Amino acid sequence: MQEDVKPWYNYGHVWLLILFPVLAILGGILMIYLVNTNQDSLVSDSYYKEGQQINQKLALDQQAGQLGLGAQVLLSDNLQQVRVIMNQAVAGDLVLQVSHPTRTGLDQQITLKPQGGNLFAGSLPRALLAERWVFELSDQQKHWRLEKQWQVLPGEPLELKPSK
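So, how was this worked out
Residues numbered from 1 in each chain as written. Predicted model: local features only at pLDDT ≥ 70, side-chain atom pairs only at ≥ 80, totals over all residues. Heavy atoms only, no water. Core = buried A, V, L, I, M, F, W, Y, C linked by side-chain atoms within 4.5 Å. Buried < 20%, exposed > 50% of the residue type's maximum accessible area, 1.4 Å probe, protein only. Helix = DSSP H or I, 4+ residues; strand = E, 2+ residues; numbered from the N terminus. 1 Å grid on protein atoms, 1.4 Å probe; cavity = no way out; pocket = protein on both sides within 12 Å on 5 of 7 lines; lining within 4 Å. Points joined across faces, edges and corners; volume = space filled by probe spheres on them. Nonpolar A, V, L, I, M, F, W, Y, C, P; charged D, E, K, R; others polar. Expected span 1.5 Å × (residues − 1). Bend = angle between axes of the 7 residues up to and from the residue. Contact = heavy atoms within 4.5 Å. pLDDT = per-residue confidence, 0-100. Salt bridge = Lys/Arg side-chain N within 4 Å of Asp/Glu carboxyl O.

1. Regarding the nonpolar core
In step 1: Core analysis: the biggest nonpolar cluster contains 27 residues, and Val84, Met86, Phe135 and Leu137 have the highest contact counts within it.
In step 2: Counting only elements with at least two residues in this core, the list comes to strand E1 (71-75), strand E2 (81-86), strand E3 (94-99), strand E4 (108-116), strand E6 (132-139), strand E7 (145-151) and strand E8 (158-160).

Here is the structure:
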């Protein structure tokens, strides 16, 4: 008696054995694609220069403390309109840098125009995500700065004070 011999591709367990190496190869190709198309924003190419700038930033923080500066940052409900109320009069425009701690592609910078008194206002190019951000406020000449990390919540103000 001759048994009917089926070709190999008619057996389901053979395809199961082939499936895992094929998935590994496809996963490897996907990883190579992701590595080549996405830049690692956490790693800085100029870490030495950034380290040297720390003392300069500390001096700006100290200058803000000596001047007694403080501010309150208010975001609109759409997380795009920004108002800053300074605790004392400041001449000229202000610069607000909003940075994401891990994704540099989301960083934004705006110039805040005086609205009368100690009020300044401006509009971000893109609405902020309700995540953690670093807010850095300074004058245009970079004589001082106020900085704080903030979990953005609509309707909740951010208090900026000089770091000690």
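2. Quick word on the layout of surface pockets
In step 1: Taken as a whole, the largest pocket spans an internal volume of roughly 380 Å³.
In step 2: Along the walls of the largest pocket sit 15 residues, with Gln53, Lys57, Glu136, Arg145 and Glu147 positioned nearest its centre.
In step 3: Counting residues per element, the ones that place at least two in the lining of the largest pocket are helix H2 (47-67), E3, E6 and E7.
In step 4: For the lining of the largest pocket, the element with the highest residue contribution is H2, accounting for 6 residues.
In step 5: By residue class, the composition of the lining of the largest pocket is 4 nonpolar, 5 polar and 6 charged.

3. A closer look at H2
In step 1: With 21 residues, H2 extends 31 Å between its outermost C-alpha atoms, agreeing within 8% with the 30 Å of an ideal straight helix rising 1.5 Å per residue.
In step 2: Where H2 bends most, the angle comes to about 30°, and this point is Ile54.
In step 3: Considered for burial, the residues of H2 that qualify are Leu60, Asp61 and Ala64.
In step 4: Tucked into the core, H2 has its buried residues touching E7.
In step 5: Gly68 lies just past H2 and shows a positive phi near 70°.

4. Focus: the side chain of Glu136
In step 1: Checked against the element boundaries, Glu136 lands in strand E6.
In step 2: With residues near it in sequence (within four places) discarded, Glu136 still touches Val95, Leu96, Gln97, Lys142, Arg145, Leu146 and Glu147.

5. What to know about the confidence of the model for the chain
In step 1: Overall, the predicted model of the chain reaches an average pLDDT of 86, with 95% of residues at or above 70.
In step 2: Between the elements of the chain, mean pLDDT differs from a low of 79, seen in H2, to a high of 94, seen in helix H1 (residues 12-37).

6. A look at the pattern of salt bridges
In step 1: One pass over the structure, following the stated rule, counts 4 salt bridges.
In step 2: For the salt bridge of Lys113 with Asp93, the shortest nitrogen-to-oxygen distance reads 2.9 Å. Taken together, the positions of Lys113 in strand E4 and Asp93 in the loop between E2 and E3 put the pair 20 residues apart, joining distant regions of the chain.
In step 3: Of the charged contacts in the structure, one is a salt bridge between Glu147 and Arg145, with a shortest N-O distance of 3.1 Å.
In step 4: For Glu147, a relative accessible area of 33% translates into the label partly exposed.
In step 5: A relative accessible area of 5% places Arg145 in the buried class.
In step 6: Among the ionic contacts, a cluster of salt bridges with common partners joins Asp61, Glu136, Arg145 and Glu147.

7. Section: unusual backbone geometry
In step 1: Backbone geometry places Leu79, a non-glycine residue, at a positive phi of 55°.
In step 2: Locating Leu79 in the fold gives a position in the loop between E1 and E2.
In step 3: The class for Leu79 is buried, based on a relative accessible area of 9%.
In step 4: Phi at Lys142 is positive, roughly 60°, even though this residue is not glycine.
In step 5: Inspection of the secondary structure puts Lys142 in the loop between E6 and E7.
In step 6: Classification of Lys142 by relative accessible area gives partly exposed; the value is 42%.

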